[in-house]
Amino acid sequence: MKYVGFFIFAMLLAGLIGYSLFEGGGFGLKNSLEKKSIAPIKDPIPIFRQSLAPAINSDGISELAIIKVEAKKGTGKISIDLKNTPVISQETQNSIKNAGNYALQLAGKENNMDLTFSIIGKTQSIGGGSAGLAFFVISMSAILDEPLILDTLITGGILETGEVARVGRILEKASVTKKNGFTALIVPYGEKMAEITPDECARAKIQNCLPEKEIVDVEEKIGIKIIEVKNAKEAYQLMVRK
């Protein structure tokens, strides 16, 4: 019985010492836990996508412009980074906004992002809406984090409804696309056949141009696969890497 009493007394004493140490005496364990800083939660890492888009510069020459989008969690805000972007026309800005808005609409509220767009080209100014469809495709790729195929480029405008708008000078855009090593070009429906002038034929560096307007099959004339689409969703499905 004497040993049992001594054992109980020892256990109580050890408990009191441990409590004293934790509360602030001895090693100050509780204080050290309270003072330990908690790292702030960082913003989600943005997703970047970029591609090339055939364009006609301010000198009337076809070239490939670099188009970019940055997507990060947000409220659906769309902006254009003008810091490193050439002067762009109102038509181009409207096409970019249509692309971003339609991409956010298709992705749904659970994938809501803020999108920031930019264009890099050799020219000082960019006009027209022919990069709108390409901006839509890279926006969807960024929002859904899905990779794209790399051998195909896109030209075409985009309406608020997601329909693809016709653009001009397809022959020259197909020519610069092939010249840079790509094997296919997605274009608006009905533009595989193009009416071209002698000047357009010459700018596309085509031999045996006629002295008057002619209607040509762009695929045959340039030697690059031409794929027609009617709406933006169709273009994206073609561009997603399976």
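The shown structure was predicted, so the numbers you read here are calculated from the model rather than taken from an experiment.

Definitions and limits used
- Residues numbered from 1 in each chain as written.
- Predicted model: local features only at pLDDT ≥ 70, side-chain atom pairs only at ≥ 80, totals over all residues.
- Heavy atoms only, no water.
- Pairing = 2+ DSSP bridges.
- Helix = DSSP H or I, 4+ residues; strand = E, 2+ residues; numbered from the N terminus.
- Axes fitted to C-alpha atoms, helices over the stretch in contact; angles between N-to-C directions.
- Phe/Tyr/Trp six-rings, centres within 6.5 Å; stacked < 30°, edge-to-face > 60°.
- Buried < 20%, exposed > 50% of the residue type's maximum accessible area, 1.4 Å probe, protein only.
- Lys NZ or Arg CZ within 6 Å of the ring centre and 35° of its normal.
- Disulfide = S-S within 2.5 Å.
- Salt bridge = Lys/Arg side-chain N within 4 Å of Asp/Glu carboxyl O.
- Contact = heavy atoms within 4.5 Å.
- Core = buried A, V, L, I, M, F, W, Y, C linked by side-chain atoms within 4.5 Å.

Caption draft 1: Summary view of the sheet that holds strand β10 (residues 184-188). Pairing is parallel across the open sheet formed by 3 strands, whose spatial order is β7-β10-β13. Two strands bound the open sheet, and with one partner strand each, they are β7 (152-154) and β13 (225-229). Averaged over all pairs of adjacent strands, the angle between their axes in this sheet comes to 25°, without regard to strand direction. Both β7 and β10 contribute to a ladder of 3 bridges, which runs parallel.

Caption draft 2: Structural view of the packing of aromatic side chains. One pass over the structure, following the stated rule, counts 2 aromatic pairs. Ring plane angle 40° and centroid distance 5.6 Å describe the contact between Y102 and F136, whose orientation is recorded as tilted. Here Y102 is found in helix α3 (residues 90-107), whereas its partner F136 is found in helix α4 (residues 132-144), with 34 residues between them in sequence. Judged by its relative accessible area of 7%, Y102 falls in the buried class. Given the relative accessible area of 0%, F136 is considered buried. Between F117 and F135, the aromatic rings sit 5.3 Å apart at their centres with planes inclined by 85°, giving edge-to-face as the arrangement. Taken together, the positions of F117 in strand β5 (residues 113-120) and F135 in helix α4 put the pair 18 residues apart, joining distant regions of the chain. Judged on exposure class, the residue F117 and its partner F135 are both buried. Sitting over the face of the ring of Y189, K230 holds its NZ or CZ atom 4.6 Å from the ring centroid.

Caption draft 3: Quick look at the state of the cysteines. For the structure on display, the rule yields 1 disulfide. What pairs with C201 in a disulfide is C209, and their sulfur atoms sit 2.0 Å apart. Because the torsion about its S-S bond is -85°, the bridge between C201 and C209 counts as left-handed. Judged by its relative accessible area of 29%, C209 falls in the partly exposed class.

Caption draft 4: Focus on the pattern of salt bridges. Inspection of every chain in the model, using the stated rule, returns 4 salt bridges. Residues R49 and D145 are paired through a salt bridge, measuring 3.1 Å at the closest nitrogen-oxygen approach. On the criterion of sequence distance, the pair formed by R49 in strand β1 (residues 47-56) and D145 in the loop between α4 and β7 is long-range, its members being 96 residues apart. Note that R169 is salt-bridged to E172, the shortest N-O span being 2.9 Å. Overall, the relative accessible area of 1% leaves E172 in the buried class. Shared partners join several salt bridges into a network, and the residues in it are R169, E172 and R203.

Caption draft 5: Quick look at unusual backbone geometry. Residues other than glycine seldom take positive phi values, yet R169 does so here, at roughly 55°. With respect to the helices, strands and loops of the structure, R169 is situated in the loop between β9 (164-165) and α5 (170-179). Here R169 falls in the partly exposed class, since its relative accessible area comes to 26%. The residue K205 is not glycine, and still its phi comes out positive at about 60°. Its location among the elements puts K205 in the loop between α6 (198-203) and β12 (214-217).

Caption draft 6: Structural view of the sheet that holds β1. Here we have 4 strands laid out as an open sheet, ordered β1-β2-β5-β3, and mixed in their pairing. Because the sheet does not close on itself, it has two edges, and the strands there are β1 and β3 (78-80). With direction set aside, neighbouring strand axes in the sheet form an average angle of 20°. As judged from the 3 bridges shared by β3 and β5, these two strands associate in the parallel manner. Bridge assignment links I80 to a residue of β5, and that residue is F117. Along the sheet, α3 contacts β3 and β5; its crossing angle with β5, the most-contacted strand, is approximately 145°. On top of the sheet, α4 reaches β1, β2 (62-73) and β5; it is set at about 30° to β2, its chief contact.

Caption draft 7: Spotlight on the nonpolar core. Ranked by size, the top nonpolar core spans 39 residues in total, and within it L115, I119, F135, F136 and V137 carry the most contacts. Those elements giving two or more residues to this core turn out to be β2, α3, β5, α4 and α8 (232-239). It is α4 that provides the largest number of residues to this core, a total of 9 residues. Excluding residues within four positions of it along the chain, F135 makes contact with I67, K68, I96, A99, F117, S118 and I119. Listed in part, the 20 residues of the second largest apolar core include V167, I170, A174 and I226.

In short, shape yes, function no, at least from these values alone.
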